[in-house]
Amino acid sequence: MSSTIFPIKNYTTILPDGFQPFPLDMNQPEFRELMASGCSCVTPVNSPVGWEIYRPGAAEPEHLDLFFIVSGKFVLETAKGIISAGPGSVLHIVSWEDRYLKLAEDGRHVYVRFNNPERYPLCRENRVNYSPVAEEVDFYVRTLQQSNPSLPDARSYTASLTRLLYIIFQRELHGNISTDYELVAALQKKLNTRQGNFEVLPIAKEMGMSFSTFRNFCLKNFGKPPRAVLEEVRMTRARGLLDFSLKSIDEIANELGFADRFAFSRAFRRYCGISPAAFRKRYVTGK
C-alpha cells in the first residue's frame, strides 16, 4: 500500500550517491529538428536505488516526460494508482498530475522531455509501453556522446543519429499510428541486426517494396536515397562496434558484409576520414 500523501505540496528531489546524468548538448544545429518538435532534454542516467522525486503538478509548466528504461525498475505513484515499469519499457508521465517517482532497483535509463504536450493529444495520462526501443535509444545516445567532433563527417553522423531519435520519439508520442513510422522502425530494426548483405535491392524486397517505392520511402523519411541511408547505418554500426565491443576488425568487417578487413577499412576511411584501427585507438586513448 502506498504511503504517499496526495496532494503533494513540496517539490522535492532526492539524489543518492552515484547518481550520474549525462545530458546531450541540445544547442548543436543537428538537434534542430528535435528541438522544433518540443524536445528540450535528452539525458542518459545511471542511478542506484534511492533516486526519488515528488512533484506537485500545479508547480510546473505542462510538459511530457519519457523514460526509456534499459535496466532497473521504476515505480510511479499518483492519486489514481501505482504504475511499475521495468527494462524494455517506456514510461510516459504527464506533468500536470501530482506524482511520486522512485527507482526501486539500480538501473540505467534515458530521460526525454517535451515542452509542448498540446501537440501530442494521445499523451494525456500516465502509462507504460513495453517496447524494444529503449536499448536502441540508449545505444544512439551513447554513440552521440562518444562521437568525435574533429572527424570530417561528424556533423552528418550526428544528424543521422538525431534523426533516428526523432523518429523513435514521435512514434512513442503518436501512439505508433503512422504507417511510415512503423515501416521506419521495421527498417531500423532490420539494419541494426543485419548480418552480411547491405545491397539496396534485397533489402527493398525484404521490406515488401519495389526499388522505386523504397527509394521514395527513404527520400521522404530520411531525406536521402537508399544507398546513402544504408551506408549511414552501416557506418554507425561500425563505429558502435569499434567503440563498445571487443570484436576484432576482421569480425566487424564480416558482420557488416564486407569482403574482408581491407574492403571495410577503405569504406570506413572514405566515410569517416580515418581508418578503423586509428578510430578505435583514438577512442581507447581518449585523444
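Residues numbered from 1 in each chain as written. Predicted model: local features only at pLDDT ≥ 70, side-chain atom pairs only at ≥ 80, totals over all residues. Heavy atoms only, no water.

1. Details of the overall build of the protein
Per the secondary structure count, the protein includes ten helices and nine strands. For a compact globule of 287 residues, the expected C-alpha radius of gyration is about 19 Å, and the protein comes in at 21 Å, within 12% of that figure. C-alpha extents for the protein along the principal axes are approximately 65 × 45 × 30 Å. Expressed as a percentage of the 287 residues in the protein, the buried residues total 52%. With an accessible surface of roughly 13700 Å², the protein has 53% of that area assigned to carbon and sulfur atoms. Between the averaged position of the 36 positive side-chain charges in the protein and that of its 31 negative side-chain charges there is a distance of 6 Å. (Helix = DSSP H or I, 4+ residues; strand = E, 2+ residues; numbered from the N terminus. Rg over C-alpha atoms; globule rule 2.2 N^0.38 Å. Buried < 20%, exposed > 50% of the residue type's maximum accessible area, 1.4 Å probe, protein only. Areas by Shrake-Rupley, 256 points an atom, 1.4 Å probe, with all protein chains shown as cover. Lys, Arg positive; Asp, Glu negative; His and termini not counted. Charge placed at Lys NZ, Arg CZ, Asp CG, Glu CD.)

2. Structural notes on the nonpolar core
V42, F68, V112, F114, F169 and F214 are the most contacted members of the largest nonpolar core, which totals 47 residues. In terms of residues, this core owes the most to one element, helix α3 (residues 154-173), which gives nine residues. In this structure, M235, I252, A267 and F268 belong to the second largest nonpolar core, which totals 17 residues. (Core = buried A, V, L, I, M, F, W, Y, C linked by side-chain atoms within 4.5 Å.)

3. A word on the pairing of strand β4 (residues 52-55)
Pairing geometry for strand β1 (residues 12-14) and β4, over three bridges, is antiparallel. Within β4, the residue paired with I14 across the bridge is E52. In terms of strand pairing, β4 meets strand β8 (residues 99-114) through four bridges, oriented antiparallel. Considered in β8, the bridge of Y54 is made with Y100. (Pairing = 2+ DSSP bridges.)

4. Let's talk about the packing of aromatic side chains
Enumeration over the complete set of coordinates arrives at 14 aromatic pairs. Residues F19 and W51 carry aromatic rings whose centres are separated by 6.3 Å and whose planes lie at 10° to one another, so their mutual orientation is stacked. Taken as a pair, F19 in the loop between β1 and β2 (20-21) and W51 in the loop between β3 (39-47) and β4 lie far apart in primary sequence, 32 residues in all. Members of the aromatic cluster, each reached through a chain of ring pairs, are F19, W51, F67, F74 and Y111. Just above the ring of Y11 sits the side chain of R55; from NZ or CZ to the centre is 3.8 Å. The ring of F258 has R234 lying over it, and the distance from NZ or CZ to the ring centre is 3.8 Å. (Phe/Tyr/Trp six-rings, centres within 6.5 Å; stacked < 30°, edge-to-face > 60°. Lys NZ or Arg CZ within 6 Å of the ring centre and 35° of its normal.)

5. Focus: the confidence of the model for the protein
Low pLDDT means the predicted atomic positions in that stretch should not be read closely. When pLDDT is averaged along the protein, the result is 87, and 92% of the positions lie at 70 or above. Model confidence for the protein, summarised as mean pLDDT per element, is weakest for helix α10 (residues 276-285) at 75 and strongest for β4 at 96. (pLDDT = per-residue confidence, 0-100.)

6. Comments concerning empty space enclosed by the protein
Scanning the entire structure with this criterion turns up one cavity of 30 Å³ or more. Its boundaries defined by the atoms lining it, the largest cavity holds a volume of some 100 Å³. Where the lining of the largest cavity is concerned, the elements lending two or more residues are α2 (133-146), α4 (179-193) and α7 (226-244). Here the residues of the lining of the largest cavity are counted per class, giving eight nonpolar, three polar and one charged. (1 Å grid on protein atoms, 1.4 Å probe; cavity = no way out; pocket = protein on both sides within 12 Å on 5 of 7 lines; lining within 4 Å. Points joined across faces, edges and corners; volume = space filled by probe spheres on them. Nonpolar A, V, L, I, M, F, W, Y, C, P; charged D, E, K, R; others polar.)

7. A few points about the environment of A59
For A59, the location among the structural elements is in the loop between β4 and β5 (64-78). Residue classification places A59 among the exposed residues on the basis of a relative accessible area of 52%. Between the C-alpha atom of A59 and that of Y11, which follows or precedes it by 48 residues, the distance is 7.7 Å.

8. Notes on helix α6 (residues 211-222)
Between the first and last C-alpha of α6 there are 16 Å, a value that for twelve residues agrees with the 16 Å anticipated at 1.5 Å per step. One or two residues past the end of α6 sits G223, with phi positive at roughly 75°. (Expected span 1.5 Å × (residues − 1).)

9. Quick notes on the environment of P61
Relative to the helices and strands, P61 resides in the loop between β4 and β5. Overall, the relative accessible area of 58% leaves P61 in the exposed class. In contact with P61, other than residues within four places in its own chain, are S95 and R113. (Contact = heavy atoms within 4.5 Å.)

10. Observations concerning the packing of α3 against α6
Interhelical geometry of α3 versus α6 gives an angle of 90° and a closest axis separation of 11 Å. Of the possible angle classes, the one that applies to α3 and α6 is roughly perpendicular. Side by side, α3 and α6 meet where R163, L164 and I167 of the first sit next to K220, N221 and F222 of the second. Split into classes, the residues belonging to the contact of α3 with α6 amount to three nonpolar, one polar and two charged. (Axes fitted to C-alpha atoms, helices over the stretch in contact; angles between N-to-C directions. Parallel < 35°, antiparallel > 145°, perpendicular 65-115°, else oblique.)

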